[in-house]
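An overview of the molecular structure
Here is what each chain is made of, one letter per residue.
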Amino acid sequence: MKNAFSFGDKTIEAAVTKVNNLQRIALIGAGTMGQGIALDLMNKSNCELVILDISEQALQNARKRFEDHWTRQVATSRLRQEDADALAARVEYATDFNKLSQVDLIWEVASERSEVKASIFKSIEQFADTERLIAVFSNTSSHTSAELAELFKTQAYRERFLTVHGYFPFDANRLIDVMKGKYASESVFAFGVVFADQILEKTVIALPVDHHGYITDPIFQAMGAIISWDVQDSRDIIQLGGLWELFTANPFMVLDQTGHMPYTESSRHLGQALPDNDRLRGLYNRNGKHYPDWIAQLETSGCTGVNSKSHEGFFAWNTKGQPKATSVLNPANGSYVPIEEISRKDYWSFYEAAEQDRRAGKIKSVDALIHVACADDAGGRAFRRYAMPICLYALDMIQDHAASPGQINMATRAGLRFKAGLIEVIDGLINHLTIDGLLELIRRARDENADDAHFIDMLDVDGHTGPRQGIPCLLHEMKKRNLTRLLQYGKYNNTPVAELDLETGKYHGCYMDLKFYEPSHKDRVASIVFNSPLRGNVFNRAVIDQLHHAVSRVLEMHRKGTCGAALFSAAGSGMRMLGADAREFNRGWFERDKGYVPLTEEQAAASSRNAVSCFRLLQESPVASIGVFGEKWGGGAEFTYFLDQRYDVRAFGFVYDSLERTTRWQQSNTYNQPELDYAILPGFGAVGELKRLGMGDSVIFEVFDAGMNADRAYQVGLSNGVFDDELEALRRGYERARNMAKDAPYSRALFKKELARGADDAELAHETGEIFNPKKNKFIDTGLLALLDRGARTRKMDYNCADTKLPGWKYPEENGVATQISQD
């Protein structure tokens, strides 16, 4: 929303202020990544940008890309011409580093080479103004923050330095890493996290301790490196790389699109810098080489992928339109040959896994991966040889306190686009085989590769050999402590909702698609922010699981008296909330040539039943709730109908007038229910809830047939407040929640019971009598003293409900529902 908000979190208030005061940002490096970051910053902030590069041609290329992008957006009615002109006016292109004296934030995205970074950092120290400069970021795939901070000569820059690393393509990949290291101050680290989270609108992996390559890069790097040493011909690139297609994509295909330089430079650096206890260090240093000769030959010849002059790399590419691989490299002779399918005879488990998923309506599932892992074909051996060491590496990161289970799972899902996160796969293997069975499977892999010392080291689980000698793998500790999973899974759809704290053995909420802000002691407001803006914050099975877990946490806090209200909002510009995830309306992966594959009636019914059950749990609870959103569609609008109050941010955009057949820029709808247009129904309860809110049939027809803008919604009583500015809407929404949180729990519970019941004079008289009974309503003494003795300083209300039975309400565990909530 181009501004940050603290949501009552005192620990980030100073960082939020600094982020909101940013005026001018410098990006050093006008290459592919620098251009992606620049476009993102222009769209998501109001800051002026200075793009610095020593190459005038690189700057011209960047300018052309930006101008072409804005021209297309204007031509397709996504942007007004005056807005495009304003964006262009905010960008300055320069080769002179003295421009750094006028910026608040510097982000270096020029190179992976230490010597190049050292030269750039020298210029930063020469020209930047430390009185104005808040922070220096560096985008790096393999260096630690400490390694790069030490390239600065003075402490003033070291304490401002963070590594902040995005993933290709920057504007379409939701993951970002922020790593502190030993030199940066806590305030700079907090600034970096808030900036990445709320301005760049990314899923942030915040690492206070240095780790080479963060979490994601060493996993992706290893995916390519571990098979690269075994590649002999074109079939190996397809078939061995095909193992990773079961998780996400062939890493060689990805590297051709990102360029090879980050991979080769990272391999060189990792080969020199990885610590002695890193399980995978042998991948980057074999006989003095950091990667195989056939990859070095591609680098020497300039064949580094889609964007090289020849459009060749591991594959040859047709770059007309969307780049498409047309042939694959044969490293044996340097030629490019037709891409053949993976051998069905040798890799039959790959095909069985795909068919298993197709029948179950799943996509690259844990069950399919387990099937391959245990198979006796070349596919099974490939899984055990190449995937098992990386699974063990993930366990090492947890054991060494470099990362948490949830961080690793999110990094692989969000950054590497695994359909099932790496920790989900490990949990699945444990569930299927038991810990002893998984240990035996890994030992089987070690025996299958007994002639290769590198793999014997990487597959060691007992601490007998290799970099982890003397350190038995985490599976042994888990077995000893009777821990059988690293993640906790949701009530409805068995998707991840919490992660194991290895120190305590408890599970704490960890959400990929939500942000949860704990209530402060003073305000007692929990904030839950839907956090998948690249997809419009859609409701899918994972989100419903996460929301139920988050709401259950709020209810547990309410029972303990630490939370009285919940604020709901959405990340991203416009605070958009789309509806149910259309991808889940199809059974399995949608393929255009096959068409729609329908869900069963029970599957469709379950999606409605589960969502409404979760929403109703919140609605009927004594917790006050308010939503602050912009444009809402389908299920996103329906969710807000279950809340106590709704604040709306006016939405503006190009709107098509079907009568005049013209498109005009004007206020657009914030409430949209298009289900009838697509031959479906509003399965999250729209009709019933709109009736409950007092909307007449005519108004409900209007919402469904025409949509409703914020001002009209306010006019008919659907909205409780309308704002132009997103930050102001959040400020007002949070303040309303803070005041609602002061309600005495017994009174609010009874109030909600009355709302749901409707008029009943006899019951009202009975309840009024009960509420004045201190034995039933323990809050009456404090409440009435505040009313009667206004001149005195009355005691604060004790909101703890653990020993109080609230009317019309039972906490989930009282209903026999095991919520299994552990608080942070």
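About the criteria used
Residues numbered from 1 in each chain as written. Predicted model: local features only at pLDDT ≥ 70, side-chain atom pairs only at ≥ 80, totals over all residues. Heavy atoms only, no water. Helix = DSSP H or I, 4+ residues; strand = E, 2+ residues; numbered from the N terminus. Rg over C-alpha atoms; globule rule 2.2 N^0.38 Å. Buried < 20%, exposed > 50% of the residue type's maximum accessible area, 1.4 Å probe, protein only. Contact = heavy atoms within 4.5 Å. Axes fitted to C-alpha atoms, helices over the stretch in contact; angles between N-to-C directions. Parallel < 35°, antiparallel > 145°, perpendicular 65-115°, else oblique. Left-handed = near helix turned anticlockwise from the far one by under 90°. Nonpolar A, V, L, I, M, F, W, Y, C, P; charged D, E, K, R; others polar. Pairing = 2+ DSSP bridges. Core = buried A, V, L, I, M, F, W, Y, C linked by side-chain atoms within 4.5 Å. Expected span 1.5 Å × (residues − 1). Phe/Tyr/Trp six-rings, centres within 6.5 Å; stacked < 30°, edge-to-face > 60°. Lys NZ or Arg CZ within 6 Å of the ring centre and 35° of its normal. Patch = residues over 30% accessible without salt bridge, like charges linked within 9 Å, V, L, I, M, F, W, Y side chains within 5 Å. Areas by Shrake-Rupley, 256 points an atom, 1.4 Å probe, with all protein chains shown as cover. Salt bridge = Lys/Arg side-chain N within 4 Å of Asp/Glu carboxyl O. Lys, Arg positive; Asp, Glu negative; His and termini not counted. Charge placed at Lys NZ, Arg CZ, Asp CG, Glu CD.

It is worth spelling out the overall build of the protein at this point. Secondary structure summary: the protein contains 30 helices and 24 strands in total. The globule rule puts the C-alpha radius of gyration for 824 residues at 28 Å, and the 28 Å found for the protein is close to it. Its C-alpha atoms give the protein principal-axis dimensions of about 90 × 60 × 60 Å. Out of the 824 residues belonging to the protein, those deemed buried represent 56%. A sequence separation of at least 24 residues applies to 69% of the contacts in the protein between residues at least 6 apart.

Running from N to C, helix 9 (residues 216-228) and helix 11 (residues 251-258) point in directions that differ by 120 degrees, and their axes come no closer than 9 Å. On the basis of their axis angle, the class for helix 9 and helix 11 is oblique. Pair helix 9 / helix 11 crosses with left-handed handedness. Across the interface between the two elements, F220, M223, G224, I227 and S228 from helix 9 touch P251, F252, V254 and L255 from helix 11. Broken down by class, the residue content of the contact of helix 9 with helix 11 amounts to seven nonpolar, two polar and no charged.

Burial within strand 13 (residues 496-501) is extensive, with five of its six residues counted as buried. Remark: six residues form the turn of the hairpin made by strand 12 (residues 487-489) and strand 13, two consecutive strands paired antiparallel; N494 in that turn has positive phi of roughly 60 degrees. Sheet analysis places strand 13 next to strand 14 (residues 506-509), joined by four bridges and oriented antiparallel. Looking at strand 14, one finds that L500 is bridged to Y507. Taken together, strand 13 and the strand that follows it, strand 14, pair antiparallel across an intervening segment of four residues, in which G505 is found at a positive phi of about 80 degrees.

Next up on the list: the sheet that holds strand 2 (residues 48-52). Strands sit in the order 3-2-1-4-5-6-7-8 across an open sheet of eight strands; the sheet is mixed. Whereas interior strands pair on both sides, the edge strands pair on one side only; in this sheet they are strand 3 (91-94) and strand 8 (203-207). When strand polarity is set aside, the average angle formed by the axes of neighbouring strands in this sheet is 20 degrees. Sheet analysis places strand 1 (residues 24-28) next to strand 4 (residues 105-108), joined by four bridges and oriented parallel. Residue pairing for strand 4: A26 is matched across the bridge by I106. Running over the sheet, helix 5 (residues 114-127) touches strand 1, strand 4, strand 5 (135-138) and strand 6 (161-166) and is turned about 165 degrees from strand 4.

Pairing is mixed in the open sheet, where six strands are placed in the order 15-16-17-18-20-24. A single partner strand is all that each edge strand has here, and the edge strands are strand 15 (514-517) and strand 24 (721-723). Between one strand axis and the next, the sheet turns by 15 degrees as a mean value, whatever way the strands run. With four bridges connecting them, strand 15 and strand 16 (residues 525-530) associate as antiparallel partners. Looking at strand 16, one finds that L514 is bridged to F530. Contacts between helix 21 (residues 541-560) and the sheet are confined to strand 15, strand 16 and strand 17 (565-570), with strand 15 contributing the most and set at about 10 degrees to the helix. Running at roughly 175 degrees to strand 18 (residues 624-629), helix 27 (residues 726-740) makes contact with strand 16, strand 17, strand 18, strand 20 (645-649) and strand 24 of the sheet.

Now for the environment of A744. As for its position among the elements, A744 is in the loop between helix 27 and helix 28 (745-757). A sequence separation of 467 residues divides A744 from N277, and the C-alpha atoms of the two residues are 56 Å apart. Discounting chain neighbours no more than four positions away, the residues touching A744 are F779 and M797.

In this structure, P169 follows F168 across a cis peptide bond, with omega equal to -10 degrees. Locating P169 in the fold gives a position in the loop between strand 6 and strand 7 (175-179). One non-glycine residue, H401, lies in the positive phi region at around 60 degrees. Summarising the element assignment, H401 is placed in the loop between helix 16 (378-399) and helix 17 (405-415). Look at H401 and you get exposed, because its relative accessible area is 52%. Phi angles above zero are rare outside glycine, and N537 is one such case at about 55 degrees. Residue class for N537 comes out buried when judged on its relative accessible area of 2%.

In contact at an axis separation of 9 Å, helix 14 (residues 348-360) and helix 15 (residues 366-373) are set at 155 degrees when each is read in the N-to-C sense. Put simply, helix 14 runs roughly antiparallel to helix 15. Handedness of the helix 14/helix 15 crossing: right-handed. The residues of helix 15 that touch helix 14, namely those facing S349, F350, E352, A353, Q356 and D357, are D367, A368, H371 and V372. For the contact of helix 14 with helix 15, a count of residues per class yields four nonpolar, three polar and three charged.

Next up on the list: the environment of F701. Structurally, F701 is set in helix 25 (residues 697-705). A residue is classified by how much of its surface remains accessible, and F701, at 56% relative accessible area, is exposed. The spatial distance from the C-alpha of F701 to the C-alpha of S343 is 56 Å, given a sequence separation of 358 residues.

Counting 150 residues, the largest nonpolar core has F530 and L547 as its most contacted members. For this core, the element with the highest residue contribution is helix 16, accounting for 14 residues. Apart from the residues within four sequence positions on either side, L547 is in contact with L514, I528, F530, F539, F568, C614, F615 and F639. Listed in part, the 71 residues of the second largest apolar core include A15, A30, A184 and V628.

The next point concerns helix 5. The end-to-end C-alpha distance of helix 5, which contains 14 residues, comes to 20 Å, matching closely the 20 Å that a straight helix rising 1.5 Å per residue would cover. Among all positions of helix 5, only K117, I120, F121, S123, I124 and E125 are buried. Contacts from the buried residues of helix 5 go to strand 1, strand 4, strand 5, helix 6 (145-149), helix 7 (155-158) and strand 6.

Inspection of the secondary structure puts Q35 in helix 2 (residues 32-44). Taking the C-alpha atoms as reference, Q35 lies 8.9 Å from I51; in sequence the two are 16 residues apart. Not counting chain neighbours up to four residues away, the residues in contact with Q35 comprise A30, N61, A62, R65 and F66.

A few words on the packing of aromatic side chains. Under the counting rule described, the total for this entry stands at 37 aromatic pairs. Aromatic pair W107 and F170: ring centres 6.1 Å apart, planes at 75 degrees, arrangement edge-to-face. You can see W107 sitting in strand 4 and its partner F170 sitting in the loop between strand 6 and strand 7, a full 63 residues away along the chain. Neither residue differs from the other here; W107 and F170 are each classed as buried. In this structure an aromatic cluster arises from ring pairing among F530, F539, F568, F615, F629, F639, F642 and F684. Over the ring of F455 we find R385, and its NZ or CZ is 3.8 Å from the ring centre.

On the surface, a cluster of positive charge is contributed by K522, K742, R793 and K796. Its location among the elements puts R793 in the segment after helix 30 (780-788). We classify R793 as exposed; its relative accessible area is 84%.

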